[in-house]
Amino acid sequence: MSRRALRRLRGEQRGQEPIGPSALQFDLRDDDDAEEEGPKRELGVRRPGGAGKEGVRVNNRFELINIDDLEDDPVVNGERSGCALTDTAARGNKGRARRGNTESKTDGDVAGTAPPEQSNASGKLRKKKKKQKNKKSSTGEASENVLEDIDRILERIEDSTGLNRPGPAPLSSRKHILYVEHRHLNPDTELKRYFGARAVLGEQRPRQRQRVYPKCTWLTTPKSTWPRYSKPGLSMRLLESRKGLSFFAFEHSEEYQQAQHKFLVAVESMEPNNIVVLLQTSPYHVDSLLQLSDACRFQEDQEMARDLVERALYSMECAFHPLFSLTSGACRLDYRRPENRSFYLALYKQMSFLEKRGCPRTALEYCKLILSLEPDEDPLCMLLLIDHLALRARNYEYLIRLFQEWEAHRNLSQLPNFAFSVPLAYFLLSQQTDLPEHERSSAREKASLLIQQALTMFPGVLLPLLESCSVRPDITVSSHSFFGPNAEISQPPALSQLVNLYLGRSHFLWKEPATMSWLEENVRAVLQTVDAGDPAVEACENRRKVLYQRAPRNIHRHVILSEIKEAVAALPPDVTTQSVMGFDPLPPSDTIYSYVRPERLSPVSHGNTIALFFRSLLPNYTVEGERPEEGVAGGLNRNQGLNRLMLAVRDMMANFHLNDLEAPHEDDADGEGEWD
């Protein structure tokens, strides 16, 4: 109810005047309109102290709630056009929306006692405000007309080219399966939903003076504690566009290449302080930030590790090409290019931090982003993780939709994680009480069917899963040959690695009592099928022997990044014996190099055996007179003590050379000679 209507109601109540059915007429116009009307008045009930005005006949005074909106009616020939109360009530909300802020007016008694000069001045002010509102409304209408004309032109162009604009389709059909939403890339959006905006943004509100950064980013929020940003020499270019996809690649300038060479030298030194020295001169070098983040994480400094990863993401996002989109799902980055791998690893590390922080919905969005960069090759094998994040985020519909769309050409059911996560998603969906009964029953039936197929295909998952959940299986299950210990032992090593990866990551999702009872029912159903001699059981066994001979390189890379102990222990020896660098784990064999690292020519490599021995023990060791590598901490000052020690060793062994050593005497029958 508006203020003017309340004042009119109060005025009538104060007046206590008898109102007849024929005289029930109320005044609805401003003082300005009364002055313009002059002597044109009609009989009716007037407010105390107010001038007579044209009114509207009503039978219920509570209908005056929206009557004040009649003041916006146009004035024709100095008179305001009258209208019925029903039309006024129907247009009341529109008038209030157009008017915005209502103007407060005085009561009838006060208006009667106010001086005429003050009323004239206030009337002029109100007229000016009305003119300004009319101008704004006219400009708004003109802009709307321009937009309508543009839409009509576009429709004509589409009609002429034969392209029809589709109608409003459902959300699932409009958006791509790997479509990324900007608002879900910000963890504060998820934290606000859990704890409220006041708890999340409480510390940020007092900060008014913050450092101005050159670009607004979606992946991270720049912090005032970071060094001032300057372009580090990192950029992105568009390689080609074909079949609706755009292929991009990061590029390193000559200055950035020099920093990259220094970084490789610092990594070979096995000294984190060398990377710190490099970051002092190149504070936004991506690989240095990622490598130092791992060092901080190993030292249990999670906050610093996460801050360094965010700074690396900010550096790479500032180098994006104008056409590169995070959300479209149509932009590609080739993992075979070393310059692109840093972006993959930075996104993966940020996703891991978000999952540990308790933001699975945001982590799921990052997982979709990584998968969208190269979905066919999937270099980090995000399909082994996306189901886990979808279940943790309770986004069951997305996981089911992904399985339905990609099962035909990706065979997701052959991965143990999808084989067990999809039926679990159906079951959890059937437990939601807000769904209709027929949808819940259909989801329950689908879940039971899929979990039975998963248990038949991967029988070696059941007992380790129950053991991880601290559940003792039934004797009939544990002693059966199909689910017994032999099922876990007989499966191929590659399959054991996938099973260990899934159980180490997602076993706690099965601990609910309702989930366990549902799993027990389906295990008994599978045992009945096995005892009946179903041919599908033998077919699944033959398929396991053929499909899981050896895991591809991207699965090994994913296991190394996941750091799950059970899965890492199952890696083959050819992977565990080679050196794995944190900034580039298991690089592809067909790497595309845009520039080559120059060879390091050091006199030490051509020196004597003792120098090589000290070099192997102390990578920072340099012979006196040799110039140390730039960007490596210590230099000559750090190695002065070592050089003096080497001089002493040289003096002691001046007369000792390897050439002075002689072989044993040939005439020694036992083959044991004496050294001269």
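Everything numeric here is computed off the predicted structure, so don't read it as measured data.

Focus: unusual backbone geometry
The phi dihedral of Lys243 is positive, around 55°, even though this residue is not glycine. Assignment of secondary structure puts Lys243 in the loop between strand 5 (234-242) and strand 6 (245-252). Phi angles above zero are rare outside glycine, and Asn411 is one such case at about 50°. With respect to the helices and strands, Asn411 occurs in the loop between helix 17 (396-410) and helix 18 (416-430).

Digging into the packing of aromatic side chains
Following the criterion strictly, the structure yields 18 aromatic pairs and no others. Aromatic pair Tyr335 and Tyr344: ring centres 5.1 Å apart, planes at 85°, arrangement edge-to-face. There is no split in this pair, since Tyr335 and Tyr344 are both buried. Ring centres of Phe458 and Tyr548 lie 6.2 Å apart, and the angle between their planes is 65°; on these two criteria the pair is classed as edge-to-face. Residue Phe458 is located in the loop between helix 19 (437-457) and helix 20 (462-468), and its partner Tyr548 is located in the loop between helix 25 (535-547) and helix 26 (553-562); the two are separated by 90 residues in the primary sequence.

Quick notes on the nonpolar core
Within the largest apolar cluster, 126 residues are counted, with the highest numbers of intra-cluster contacts made by Phe343, Phe418, Phe420, Trp510 and Leu519. In this structure Phe343 touches Leu219, Phe250, Leu313, Met316, Phe320, Leu326, Leu333 and Leu373, once residues within four positions along its chain are discounted. Formed by 5 residues, the second largest nonpolar core is a distinct cluster that contains Trp226, Tyr229, Tyr284 and Cys318.

So, the sheet that holds strand 7 (residues 331-333)
Strand order in the open sheet formed by 3 strands is 5-6-7, and the pairing between neighbours is mixed. Taken across any chain shown, the strands that pair with only one partner, and hence form the sheet edges, are strand 5 and strand 7. Strand-to-strand twist across the sheet, computed as the mean angle between neighbouring axes with direction ignored, equals 35°. Two elements, strand 6 and strand 7, share 3 bridges in a ladder whose sense is parallel. Bridging from a neighbouring strand, Phe247 pairs with Arg332 of strand 7.

Structural notes on the packing of helix 23 (residues 493-506) against helix 26
The angle between the axes and the distance between the axes are what describe a pair of packed helices. At a minimum axis separation of 12 Å, helix 23 and helix 26 run at an interaxial angle of 30°. Overall, the two elements helix 23 and helix 26 adopt an arrangement that is roughly parallel. At the point where helix 23 passes helix 26, the crossing takes the left-handed sense. Contacts from Gln497, Leu498, Leu501 and Arg505 of helix 23 reach helix 26 at Ile555, His556, His558, Val559 and Ser562.

A closer look at empty space enclosed by the protein
Throughout the structure, instances matching the rule amount to 5 cavities of 30 Å³ or more. Here the second largest cavity defines a volume of roughly 50 Å³. Listing elements by their share of the lining of the second largest cavity, those giving two or more residues are helix 18 and helix 23. Of the residues in the lining of the second largest cavity, the class split is 5 nonpolar, 2 polar and 1 charged.

Rules used throughout
- Residues numbered from 1 in each chain as written.
- Predicted model: local features only at pLDDT ≥ 70, side-chain atom pairs only at ≥ 80, totals over all residues.
- Heavy atoms only, no water.
- Helix = DSSP H or I, 4+ residues; strand = E, 2+ residues; numbered from the N terminus.
- Phe/Tyr/Trp six-rings, centres within 6.5 Å; stacked < 30°, edge-to-face > 60°.
- Buried < 20%, exposed > 50% of the residue type's maximum accessible area, 1.4 Å probe, protein only.
- Core = buried A, V, L, I, M, F, W, Y, C linked by side-chain atoms within 4.5 Å.
- Contact = heavy atoms within 4.5 Å.
- Pairing = 2+ DSSP bridges.
- Axes fitted to C-alpha atoms, helices over the stretch in contact; angles between N-to-C directions.
- Parallel < 35°, antiparallel > 145°, perpendicular 65-115°, else oblique.
- Left-handed = near helix turned anticlockwise from the far one by under 90°.
- 1 Å grid on protein atoms, 1.4 Å probe; cavity = no way out; pocket = protein on both sides within 12 Å on 5 of 7 lines; lining within 4 Å.
- Points joined across faces, edges and corners; volume = space filled by probe spheres on them.
- Nonpolar A, V, L, I, M, F, W, Y, C, P; charged D, E, K, R; others polar.

Scope: geometric values only; no functional claims are made or implied.
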